[in-house]
Amino acid sequence: MLIQLKGGRVIDPANNRDSVGDVYLENGRIVDAPDGREPDEVHDVSGKIVMAGAIDVHSHIAGTNVTLGRQLMPELPLIASAEGQPILPSPAAWGAYATGIRYAEMGYTTVIEPAMIPTHAIQSHKEMASIPIIDVAGLVILGNDDYTLNLLRTSNVKSDELKDYVAWTLSHSKALGLKVINAGGSEAFKFNARTFDLDEQVPEYGVTSRGIVEAMQQAIADLGVPHPPHVHTNNLGIAGNVDTAVATLEATQGNPIHLAHIQFYGYGKEGDKGFSSGAPRLMEAINKHKNATVDVGQVMFGQTITISGDVLRQFDGRRAANPKKWIINQADGNGTGVVPYNYKKKSFVNALQWAIGLEIFLLAEDPWRVLFSTDHPNGALFTRYPEIFHLLMDKDERSRWLDQLPEASRQVSGLAGISRELTFSELAVMTRAAPAKVLGLMDRGHLASGAVADVAVYTDQKNKTKMFAAADLVFKSGKLVVRKGNVVDVSWGRCYHVEAGFDSHIEKRVRSFYETYYGADPSWFGVTETVSDRPDRFATIRCAS
Amino acid sequence: MDSTLQRAADLLAQARLPVIGGLFTDVNGAAAALALAQKLGGVVDHAASGGMSRAARVMRETGSTPASFGEVRNRADTVVVIGDGPRDRDPELLDRLFPAKGLPRPGDNKRELIVVGTGRGKTPSGIRATVIDGKQALPELVALLGAAVRETPFEIRDKALAKKILSAGKRLRESAFAVFVYDPVELEEPVLHTVLETVRLLVKTTRAATLALSAPGNGDGVNLCSTWTCGLPVRTSFAGEVPENNMWAYEAERLLKSGEADALVWIDALDGADAAPPTRAFRGIPSVVLSSKPVKAGRDDVVIEVGAAIADHDAAVYLPPIAGIGEVKATSADSSKPTVAEVLNKIGTLIDAKGAA
């Protein structure tokens, strides 16, 4: 069936397009304007904005850690809703089903779960398979697991063993890429370290955080995995940590890296309170290091919950739990910390965090390398995205918010002095084109012929919150799934993953490791097609080598 | 088979408050049961949810401090086993927690075992074990051990026991990684809180955690599935506008006794585990039974033979060694019997068709 979206303003920065025109969909793909054929279905979208479906590069939507958060705080949607946040007042609003529905209503069609635990990949995939409409992918966590650390300790590791192990882990868990969270820090926590810096050594293993990240970058580059290592670096959330972020960037030596939720590393220690915006310095470094991409991790005021494999950081953060309850899960590899948190407008620190996130977006010279995220739910629930788009696209809206913040926070932030307003094209880069490129999902994030027919249509209006909260139309793989902000057809998406080649000897070594130290059989956590009952659930992304 | 499923659909479509209980099934079976409960406006409960529900409530009130089985086995220098439950549930537990070979672990202490509230059961050879047991009930002993850790003075008549408790408290403070092992079924909520508070005191200066034995019948797997599906653990009702969890009100046993439930879906289909039916099950309450073993159901009940997860078909279930859900390959695949998920999904489709007609 040929579908025509007629007369909309088509925003497709990947193809340098921002003009009024038509978009055609057929058999689940975008197609060129057909010669002399009448479309079977025409949607008049004149006066509307037409974009590719949005892609979320970093959102905790599934898996052991997220469900641990749900167990700790089933009342989260009720509190958030009572505060006026856009979420239904039901524990189920935080469940898998509602996640897919709400993302689709906002025009999102692909979401990346960035913290899949290798041994719990089955749960992650089961959860992701219960999320309707959107396509998904998982990033699998390594870097605090004893197998990796042991390989790096010997430092005379048979050259390809780490590469094989990374490839095996990616394949075994059906992951799209690799996540590294506070490399070595969670392991150090197991030896009772309470802080862990870039050049500190992991007890017993001797390797440094820097060494682990470098080794992972090399392995991913050698394997030709399209998405670079997705790194949550050390010292998250600490005053002065902009130094760590800059040092991490310097350490990459030109190899590709993706730094996650960079707002949480944009902190200087100037001013009376020893806490200030490090955004200008951070952005100077990011603008300079063209090998690096980042996502922002914007903070919004209100109740949320922080869920992180950075167990060391979360252990410290437990003191700020609001409400006063927390989980520290000391598990194989990274473990997890789950700490509820309420970002307060009147708090000097929270107000500054909010401002720093926006500064980062607005100081980005190249929106292709500064991707949109709130690190859902850590900075804010994903249902807040429309409000953030509004803040980025409308300086008057920013001023209205800024006026309500503590004077002290405004003084140490440069946000008030920034008049930039993101254009539709820039927003489409940060939320569509760039995530697709960084993830290696080349068939989406744009509207060229051949792309998967994921399309979102919005009514252009001054109030961008309203505009992006409810898409007029959303097509997922060519199928109309949302009309006037409501889901009209619950379809099911696919899960993307890489198949990286490895020497099969690694399977024997890993098996022996798990049998000896865990009494476990790695086949238990190997993800197969049958993890979902839909036969075409999985789609493979090729590695370059 | 089709007419049997139609009878099941008819029976359930008429029910005002059906309870889906037992739930000794794999994660796919649990997902299908939750979908059916949502469709019917019913309740889900698991036959071994007693301890899980208490633990869930404690977690919701104040949090938790779990350690994975692998972490305890490889890195704990002091393992505190509370009560008989852990070793009754898993007779090999201590051997597996004290393996010959482990990963690098914190501190220089030799590994030690402290057993609280029982003199029964063997301890691994070569491991120093302290048994804290006396006339006091288990909750009292746990509280005294907590006091010893906090260095709060206490008085008991049994001076030898007091000395042991004080020494255990000192050992815990000096441990590099102390872990308290228990079966939540054996401990009431105040005791669970006491253990948690003791851990929270210890982590101020050292490392400590808890290791709760998982519930039988894939209870933890079912509970996790319930949580990611609707945001709440089992003992949840879908009768209202939003799902509601209540560990007392939505217990299958109570709902059948009180007569609030007017239909039961009983699921018992896991290899190597038998679900104990509620007292009033199959006595006048219209039931649909999915079982992999022979059952004595009522005359008018609908009984459907299904495959046993793990034996007859591959199954995703909670696996303690990985502290999470994993998939186990079937021992002798018998595809002639349907899975719980297949049967429940078909019943759901028939109910939909009935609604549409």
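Basis of the calculations
- Residues numbered from 1 in each chain as written.
- Chains lettered and ligands numbered in written order.
- Predicted model: local features only at pLDDT ≥ 70, side-chain atom pairs only at ≥ 80, totals over all residues.
- Heavy atoms only, no water.
- Helix = DSSP H or I, 4+ residues; strand = E, 2+ residues; numbered from the N terminus.
- Rg over C-alpha atoms; globule rule 2.2 N^0.38 Å.
- Buried < 20%, exposed > 50% of the residue type's maximum accessible area, 1.4 Å probe, protein only.
- Axes fitted to C-alpha atoms, helices over the stretch in contact; angles between N-to-C directions.
- Parallel < 35°, antiparallel > 145°, perpendicular 65-115°, else oblique.
- Left-handed = near helix turned anticlockwise from the far one by under 90°.
- Contact = heavy atoms within 4.5 Å.
- Nonpolar A, V, L, I, M, F, W, Y, C, P; charged D, E, K, R; others polar.
- Patch = residues over 30% accessible without salt bridge, like charges linked within 9 Å, V, L, I, M, F, W, Y side chains within 5 Å.
- Areas by Shrake-Rupley, 256 points an atom, 1.4 Å probe, with all protein chains shown as cover.
- Salt bridge = Lys/Arg side-chain N within 4 Å of Asp/Glu carboxyl O.
- Pairing = 2+ DSSP bridges.
- Buried area = accessible area lost by both parts, 1.4 Å probe.

K.L.:
An account of the overall build of chain B is needed here, citing residue identities and associated values.
P.N.:
Tallying secondary structure elements over chain B gives 12 helices and 15 strands in all. Taken over C-alpha atoms, the radius of gyration comes to 23 Å for chain B, in line with the 21 Å a tight globule of 357 residues would show. Dimensions along the principal axes, computed over C-alpha positions, put chain B at roughly 70 × 40 × 30 Å. For chain B, the proportion of its 357 residues judged to be buried stands at 61%.

K.L.:
Could you give an account of the packing of helix H12 (residues 348–362) of chain A against helix H14 (residues 395–402) of chain A, with specific residues and numbers?
P.N.:
All names here are of chain A. Two elements in contact, H12 and H14, have axes separated by 12 Å at closest approach and are oriented at 160°. By the angle class used here, H12 and H14 are roughly antiparallel. Relative to H14, the crossing made by H12 is left-handed. Here Trp354, Leu358 and Leu362 of H12 lie close against H14, whose contacting residues are Arg398, Trp401 and Leu402. Tallied by class, the residues present in the contact of H12 with H14 amount to five nonpolar, no polar and one charged.

K.L.:
Please set out a nonpolar patch on the surface residue by residue, giving values where relevant.
P.N.:
All names here are of chain A. Side chains of Tyr97, Val490 and Trp492 sit close together on the surface and give an oily, nonpolar patch of about 270 Å² of accessible area. Among the structural elements, Val490 can be located in the loop between strand E22 (486–487) and strand E23 (495–498). Classification of Val490 by relative accessible area gives partly exposed; the value is 32%.

K.L.:
Give a description of the pairing of strand E5 (residues 48–52) of chain A that names residues and reports values.
P.N.:
Residue and element names in this part refer to chain A. Counting buried residues in E5 gives four out of five residues, a clear majority hidden from the surface. Direction of pairing for strand E1 (residues 2–12) relative to E5: parallel, over a ladder of two bridges. Bridge pairing in E5 places Arg9 opposite Ile49. Across five bridges, the pairing between E5 and strand E19 (residues 455–459) is antiparallel. Note that in E19 the partner of Val50 across the bridge is Val457.

K.L.:
Describe in detail the sheet that holds strand E9 (residues 236–237) of chain B, supporting the description with residues and values.
P.N.:
Residue and element names in this part refer to chain B. If you trace the seven strands from one edge of the open sheet to the other, you get E10-E9-E2-E1-E11-E12-E13, paired in mixed fashion. Two strands bound the open sheet, and with one partner strand each, they are strand E10 (244–245) and strand E13 (302–305). Pairing analysis gives five bridges linking strand E1 (residues 18–24) to strand E11 (residues 263–268), with the strands arranged parallel. Bridging from a neighbouring strand, Pro18 pairs with Ala263 of E11. Sheet strands in contact with helix H1 (residues 2–14) are E1, E11, strand E12 (287–291) and E13, and its direction is about 135° off that of E13.

K.L.:
I'd love a proper account of the side chain of A:Ser124, names of residues and values included.
P.N.:
Its place among the elements puts A:Ser124 in helix H4 (residues 121–129). In this structure, A:Ser124 is in contact with A:Ala62, A:Gly63 and A:Met116, ignoring residues within four places of it in sequence.

K.L.:
Tell me about unusual backbone geometry, and please be specific about residues and values.
P.N.:
All names here are of chain A. Note that the residue after Asn322, namely Pro323, is joined by a cis bond; omega there is -5°. Tracing the sequence through the fold places Pro323 in the loop between helix H11 (311–317) and strand E16 (326–329). The omega angle of the peptide bond from His376 to Pro377 is 0°, so this bond is cis rather than trans. Structurally, Pro377 is set in the loop between strand E18 (370–371) and helix H13 (385–393). Phi is positive for Gln253, close to 50°, though the residue is something other than glycine.

K.L.:
Please give an account of the pattern of salt bridges that cites residues and values.
P.N.:
Two side chains carrying opposite charge are able to pair once their charged atoms lie near each other. All names here are of chain B. Following the criterion strictly, the structure yields 56 salt bridges over all chains and no others. In this structure, Arg16 and Asp262 form a salt bridge, with 3.6 Å as the shortest nitrogen-oxygen distance. With Arg16 in the loop between H1 and E1 and Asp262 in the loop between helix H11 (252–258) and E11, this pair connects stretches of sequence that are 246 residues apart. Owing to a relative accessible area of 58%, Arg16 belongs among the exposed residues under this scheme. A residue is classified by how much of its surface remains accessible, and Asp262, at 23% relative accessible area, is partly exposed. Measuring nitrogen to oxygen at the nearest pair gives 3.9 Å for the salt bridge that ties Arg89 to Asp183. With a gap of 94 residues between them, Arg89 in helix H5 (residues 85–89) and Asp183 in the loop between strand E7 (177–182) and helix H9 (189–202) connect regions that are remote in the sequence.

K.L.:
Quick one: what's the story with the pairing of strand E14 (residues 315–319) of chain B, residue by residue and with numbers?
P.N.:
Every other side chain in a regular strand lies on the same face of the sheet, so the side chains alternate between the two faces. Residue and element names in this part refer to chain B. Of all five residues making up E14, four are buried, and the element is well covered by its neighbours. Where E14 meets strand E15 (residues 324–328), five bridges bridge the pair, whose relative direction is antiparallel. Within E15, the residue paired with Leu319 across the bridge is Gly324. What sits between E14 and E15 in their antiparallel hairpin is a turn of four residues, with Ala323 showing a positive phi close to 50°.

K.L.:
Describe in detail the interface of chain B and chain A, supporting the description with residues and values.
P.N.:
Counting residues at the interface gives 51 residues for chain B and 52 residues for chain A. Each partner contributes to the roughly 4300 Å² buried at the junction of chain B and chain A, and carbon and sulfur atoms together form 56% of this total. Among the residues chain B hides against chain A, the three largest losses belong to B:Trp228, B:Ile322 and B:Glu327. Together they make up 17% of the total. One can count three salt bridges joining chain B with chain A. In this structure, A:Asp146 and B:Arg75 form a salt bridge, with 2.4 Å as the shortest nitrogen-oxygen distance. Those elements giving two or more residues to the side of chain B that touches chain A turn out to be helix H2 (27–40), helix H3 (49–62), strand E3 (63–64), helix H4 (69–75), strand E8 (207–212), helix H10 (219–230), E14 and E15 of chain B. Of the residues belonging to the side of chain B that touches chain A, the class tally is 24 nonpolar, 16 polar and 11 charged.

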